[in-house]
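So you can see what is in the structure, the chains are spelled out below.
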Amino acid sequence: MMFNVFPILAVLLAPLAIAMAAYFGHVVVRGTKVSEFRQAWIDAQRQDLAIVVARAHLLLETRERASTHDELRLKAFGELEEAAYRIKLRENPRRPEWTDVIERVDRIRALVRDPDATQDRLPGLSGGMLPAARTRLKGEWDLVRDGELSYRRTTRHYWRYVLVLALVAIAVLAFGGLRTFTNEPGTSCSHPSACAGVR
């Protein structure tokens with residue numbers, strides 16, 4: 001009697017399909033969470049860059065009337081410093097990408113400390129910082145839109161694995177159906193011509 005591999009293959013393919021579905025679900029959930037964190041990072045970075053420029057404008061505008069705006073200036077200076085250090089702390093030390101932007105931020109900080117600085121120097125610094133910041137923020141947002149690298153790789157290859165699994169399943173079903181069609185009950189023949197001597 002020919003050994004029937006159909007039940008064994010079915011038992012093997014079912015857990016494989018379940019494992020693939022579970023892994024894909026894990027990657028999707030993880031990719032979604034990472035994208036959420038990245039979007040929050042983008043929003044915080046954008047807000048801190050805006051704070052640096054806005055507080056610098058305020059400090060330079062109120063410099064001539066500093067005695068009447070001491071409390072306001074002190075608060076603005078503190079907010080500028082906090083935002084600048086948050087921007088620095090977000091930089092990846094292993095792969096620096098915001099070096100030029102951070103350099104501009106430090107130059108703005110130095111400008112507001114300079115007693116001889118004038119407000120007309122600020123647009124040159126902020127104008128040089130903002131295009132670079134926009135480019136990097138756009139790159140981060142593209143990752144949010146397109147998905148993380150691990151998610152994109154998994155989805156790209158996942159459907160290939162699903163196709164291979166489906167083809168194997170179809171082949172197994174076809175093979176099992178062919179054997180059922182060609183074999184008669186009560187015989188162990190795999191082909192009608194082989195059963196000539198049995199009848």
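Residue positions are given per chain, counted from 1 along the sequence in the order it is written. Local features are withheld for residues below a pLDDT of 70 in this predicted model, meaning they are given only at 70 or higher, and side-chain atom pairs are given and counted only at 80 or more; totals for whole chains, interfaces and linings count all residues. Just so you know, side-chain values use all the structure's heavy atoms and leave hydrogens and water out.

Q: With reference to specific residues and values, describe the overall build of the chain.
A: Looking only at helices and strands, the chain has 5 helices and 0 strands in total. Comment: elements are numbered from the N terminus, with helices defined as DSSP H or I runs of at least four residues and strands as E runs of at least two. What you see in the chain, going N to C, is helices and strands ordered as α-α-α-α-α. For the chain, the proportion of its 199 residues judged to be buried stands at 27%. Contacts are assigned to residue pairs that have any heavy atoms within 4.5 Å of one another. Expressed as a percentage of contacts within the chain between residues at least 6 apart in sequence, the contacts between residues at least 24 apart total 73%. The Shrake-Rupley method, run with a 1.4 Å probe, gives the accessible areas here. Residue values count only the displayed protein chains as cover. Surface accessibility of the chain: about 13300 Å² in total, with carbon and sulfur atoms responsible for 63%. Between buried and exposed lies partly exposed: a residue is buried under 20% and exposed over 50% of the maximum accessible area for its type, with that area taken using a 1.4 Å probe on protein chains only.

Q: So what's going on with the nonpolar core? Residues and values would help.
A: Working definition of a nonpolar core: buried Ala, Val, Leu, Ile, Met, Phe, Trp, Tyr and Cys residues. They are joined through side-chain atoms within 4.5 Å. Leu49, Trp98, Val101, Val105, Ile108 and Met129 are the most contacted members of the largest nonpolar core, which has 27 residues in total. Those elements that provide at least two residues to this core are helix H1 (6-61), helix H2 (70-90), helix H3 (99-113) and helix H4 (122-146). In terms of residue count, the dominant contributor to this core is H1 (8 residues). Each residue touching Val105, except ones within four places of it in the same chain, is listed here: Leu49, Val52, Ala84, Ile87 and Met129.

Q: An account of the pattern of salt bridges is needed here, citing residue identities and associated values.
A: One speaks of a salt bridge when a side-chain nitrogen belonging to Lys or Arg is within 4 Å of a carboxyl oxygen belonging to Asp or Glu. Summed over the entire model, instances satisfying the criterion amount to 14 salt bridges. Measuring nitrogen to oxygen at the nearest pair gives 2.5 Å for the salt bridge that ties Glu140 to Arg38. Here Glu140, found in helix H4, pairs with Arg38, found in helix H1; they are 102 residues apart in sequence, far enough to count as distant. For Arg38, a relative accessible area of 22% corresponds to the partly exposed category. A salt bridge links Asp106 to Lys88; the shortest N-O distance between them is 2.9 Å. Taken together, the residues span a long stretch of sequence, with Asp106 in helix H3 and Lys88 in helix H2 at a distance of 18 residues. Through salt bridges with shared partners, a single ionic network connects Glu81, Lys88, Asp106, Arg109 and Arg113.

Q: Which residues make up the packing of H2 against H3, and what are the values?
A: At their nearest, the axes of H2 and H3 sit 10 Å apart, and the two run at 160° to each other. By the angle between their directions, the pair H2 and H3 is classed as roughly antiparallel. The crossing of H2 and H3 is left-handed. Contact with H2, carried on its side by Phe77, Leu80, Glu81, Ala84, Tyr85, Ile87 and Lys88, involves Ile102, Val105, Asp106, Arg109, Val112 and Arg113 of H3 and no other residues of that element. Residues were grouped as follows: Ala, Val, Leu, Ile, Met, Phe, Trp, Tyr, Cys and Pro as nonpolar; Asp, Glu, Lys and Arg as charged; and all remaining residues, including Gly, as polar. Looking at the contact of H2 with H3, its residues break down into 8 nonpolar, no polar and 5 charged. As a rule, the C-alpha atoms of each element are fitted with a line to give its axis, helices using only the stretch in contact, and angles between N-to-C directions run from 0 to 180 degrees. Between 65 and 115 degrees an angle is taken as roughly perpendicular, under 35 as roughly parallel, over 145 as roughly antiparallel, and anywhere else as oblique. A crossing counts as left-handed when the near helix is turned anticlockwise from the far one by less than a right angle, and as right-handed when that turn is clockwise.

Q: I'd like a rundown of a nonpolar patch on the surface, residues and numbers included.
A: Here a patch means residues that are over 30% exposed by relative accessible area and free of salt bridges, tied together within 9 Å if like-charged and within 5 Å if nonpolar (Val, Leu, Ile, Met, Phe, Trp, Tyr). Together, Leu163, Leu167 and Ile170 line one region of the surface with nonpolar side chains, adding up to about 310 Å² of accessible area. Structurally, Leu163 is set in helix H5 (residues 149-182). A residue is classified by how much of its surface remains accessible, and Leu163, at 53% relative accessible area, is exposed.

Q: Outline the packing of aromatic side chains, listing residues and values.
A: Aromatic rings from Phe, Tyr and Trp, taking only the six-membered ring of Trp, are treated as a pair when their centres fall within 6.5 Å; an angle between ring planes under 30 degrees marks them as stacked, one over 60 as edge-to-face, and anything in between as tilted. Within this structure, the stated rule accounts for 1 aromatic pair. Throughout this description, the term charge over a ring refers to an Arg CZ or Lys NZ atom that lies within 6 Å of the ring centre and within 35 degrees of the ring normal. The positively charged end of Lys88 is found above the aromatic ring belonging to Tyr85, 5.3 Å away from the centroid.

Q: Mind laying out the side chain of Arg109, listing which residues take part and the relevant values?
A: Topologically, Arg109 is positioned in helix H3. Not counting chain neighbours up to four residues away, the residues in contact with Arg109 comprise Leu80, Glu81, Ala84, Tyr85 and Lys88.

Q: Give me the lowdown on the environment of Arg107, citing residues and values where you can.
A: Here Arg107 shows up in helix H3. Separated by 18 residues in the primary sequence, Arg107 and Leu125 have C-alpha atoms spaced 7.4 Å apart.

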